[in-house]
Amino acid sequence: LKQPHGARNPQGFDYELWLWEQGVGATGYVRSGPRDVPPRRLTEGGWSIERWRQSVRDRILGDAGDAESRRFAGIVAALVTGDQNVIERADWEVFRATGVAHLMSISGLHITMFAWLAAACIGWAWRRSARLGLPARWDPCQRLPAPAAALIGGVLLATGYALFSGWGVPAQRTVLMLAVVALLRLAGRRWPWQQVWLLACATRVLADPWALLQPGFWLSFVAVGVLFASDFVAGSAYGASAGGLLGHVRKFLREQWVVTLALTPLSLLLFGQVSAVGALANLAAIPWVTLVVTPLALLGMLWPPLWQAAAVSLEPLVALLQALAAWPGAVLALPAAPLWAAG
C-alpha cells in the first residue's frame, strides 16, 4: 500500500482529490502467483447498487455491434448509469465545445423529469384505487390523498434513480430541492425561493464539505439560483406567464439565455474557456435529450431494444453538434486568471 498521488494538470481530472472524496487513503495492487490463492472480491456473492449499475452498463455496451454503435451506446450508458468514462474523448471534446456536456450524463433536468413522470403515474394509480374494493382501514389509498402520495412517491423514486446513477453533485442538489419543495407543500407552507435554495446548499455542504472544491457544485447551484431569481423577476414584471405552447417556448428561450450569461464568467474562471455556440446548441440538445433520448434510455431497462433506439436517436444530434463545434470561434479560450482576479 502507498499514499495515492495524482497529476494536477490544468483542466485535467484531479485523481488525488477524487480518491480523498471517496475516503481512499492508500492504493495498492493485488497480484497472484502460481502458488498463491486466486484473489477474490470482498463483495463477491453479495448485492449492491454498484454491482447492479455495472451489470446494466455491461448489457448496454454488450448489445452494441460495431465501433460506431458502441460509441453511441456509451452515451446511452452514461445517461442510464452515470458512468461518463464510457464516452469517447473525441465526443467529450465536442460536447464541451458546444456547451452540452451537462446533458450527456445524469443531470438535474433528467432527475426532475423522472420525478414528475413518477409522481404523475403514482397520482393516476392512486386516484383509481377505489376500484380495488378494499376496506378503508386496509386501503392506504383512501387514507392518504393522491397529491400527497404523488409527491412522496415522486421524491422517493427520484432518490432511487439518483442513487443508481452514482449520486453525483447535480443529482444530490436536485433531490435535496425536490425533497424540500415536497415537504413544504405537504406542510402547507410557502417559503421564498432564497430560503429553499440556501437550505439545499447548506444541506449539501454539511453532508460533504469537500463539494465546495468541485466545479459541478458551483455550476449546479448557481444555475438553479439564477433560474429561481429570473423566474421571480419575470413573474413580478409581467405577471402570470402566458399559457400554451408559445408561452412555454418563450420561457425556455429566456431561461436558456439567462443561464448562459450567468455561467459564462464562472466557466471562464473554472475551465478557462466558454462555448460561443452553447446557447444555440442547447436549444436543440435540451429538448431532444430530455424528451426523446433519456426516456428511451430509461425505458430500456424494461425492454432492452429501446437502448438501441436511444443510440440511433443520438446520431443526428451528435452530427449537429460536430458541425457547430467546427465553426470558427466556437470556443472562446482565455488564460487562467491570477488569484487576485479570481477572488
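Scroll up to find the structure.
Along each chain, residue indices are assigned from 1 in the same order as the chain's sequence is written. The predicted nature of this model means local features are confined to residues of pLDDT at least 70 and side-chain atom pairs, given and counted, to a pLDDT of 80 or more, with totals for whole chains, interfaces and linings taken over all residues. Side-chain descriptors were evaluated using all non-hydrogen atoms of the structure, hydrogens and water having been removed beforehand.

(A) Local environment of the side chain of R53. Secondary structure is summarised from DSSP: a helix means a run of H or I of at least four residues, a strand means a run of E of at least two, and numbering begins at the N terminus for each. Relative to the helices and strands, R53 resides in helix α2 (residues 49-62). Type-normalised accessible area, obtained with a 1.4 Å probe on protein chains alone, sets the label of each residue: buried when under 20%, exposed when over 50%, and partly exposed for intermediate values. Residues scored as charged are limited to Lys and Arg (positive) and Asp and Glu (negative), so that His and the chain ends carry no count. Put simply, a salt bridge is a Lys or Arg side-chain nitrogen that is within 4 Å of an Asp or Glu carboxyl oxygen. Although buried, R53 forms no salt bridge, and the nearest oppositely charged side chain, E50, lies 5.6 Å from it. By the convention used here, residues are in contact when the closest approach between their heavy atoms is within 4.5 Å. Once residues within four sequence positions are removed from consideration, R53 is found in contact with T81, G82, D83, L163, F164, S165 and G166.

(B) Highlighting helix α8 (residues 169-186). Expected span, for any helix, means 1.5 Å times one less than how many residues it has. With 18 residues, α8 should cover 26 Å at 1.5 Å per step; its first-to-last C-alpha distance of 26 Å lies within 8% of that length. Among all positions in α8, only V169, A171, Q172, R173, T174, V175, M177, V180, A182 and L184 are buried. One or two residues past the end of α8 sits G188, with phi positive at roughly 75 degrees.

(C) Expanded view of helix α12 (residues 278-299). A bend of about 45 degrees at V289 is the largest found in α12. By the burial criterion, the buried members of α12 are G278, A279, A281, N282, A285, I286, V289, T290, V293, T294, A297 and L298. The term bend refers to the angle at a residue between two fitted axes, each drawn through seven residues, those ending there and those starting there.

(D) Up close: the nonpolar core. Counting 37 residues, the largest nonpolar core has V76, F95 and M104 as the members making the most contacts within it. With residues up to four places along the chain from it excluded, the contact list for M104 reads I75, A78, L79, I87, F95, V289, L317 and L321. Counting residues in each nonpolar core, the second largest holds nine residues, with I111, A158, A171 and L298 among its members. Buried Ala, Val, Leu, Ile, Met, Phe, Trp, Tyr and Cys residues form a nonpolar core when they are joined through side-chain atoms within 4.5 Å.

(E) Geometry of the packing of α12 against helix α13 (residues 305-325). For the pair α12 and α13, interaxial distance at closest approach is 8 Å and the crossing angle is 170 degrees. One way to sum up the angle between α12 and α13 is to call them roughly antiparallel. The two elements α12 and α13 cross, and the hand of that crossing is left-handed. Contacts between α12 and α13 involve L280, A281, A284, A285, W288, V289, V292, V293, L296, A297 and L299 from the former and L306, W307, A309, A310, S313, L314, L317, L320, L321 and L324 from the latter. Axis lines are fitted to C-alpha atoms, over the contacting stretch for helices. Their N-to-C directions set the angle, which ranges from 0 to 180 degrees. Oblique is the label for any angle not covered by the other classes, which are roughly parallel (under 35 degrees), roughly antiparallel (over 145) and roughly perpendicular (65 to 115). The sense of a crossing depends on the near helix, which, turned anticlockwise from the far helix by less than a right angle, makes the crossing left-handed and, turned clockwise, makes it right-handed.

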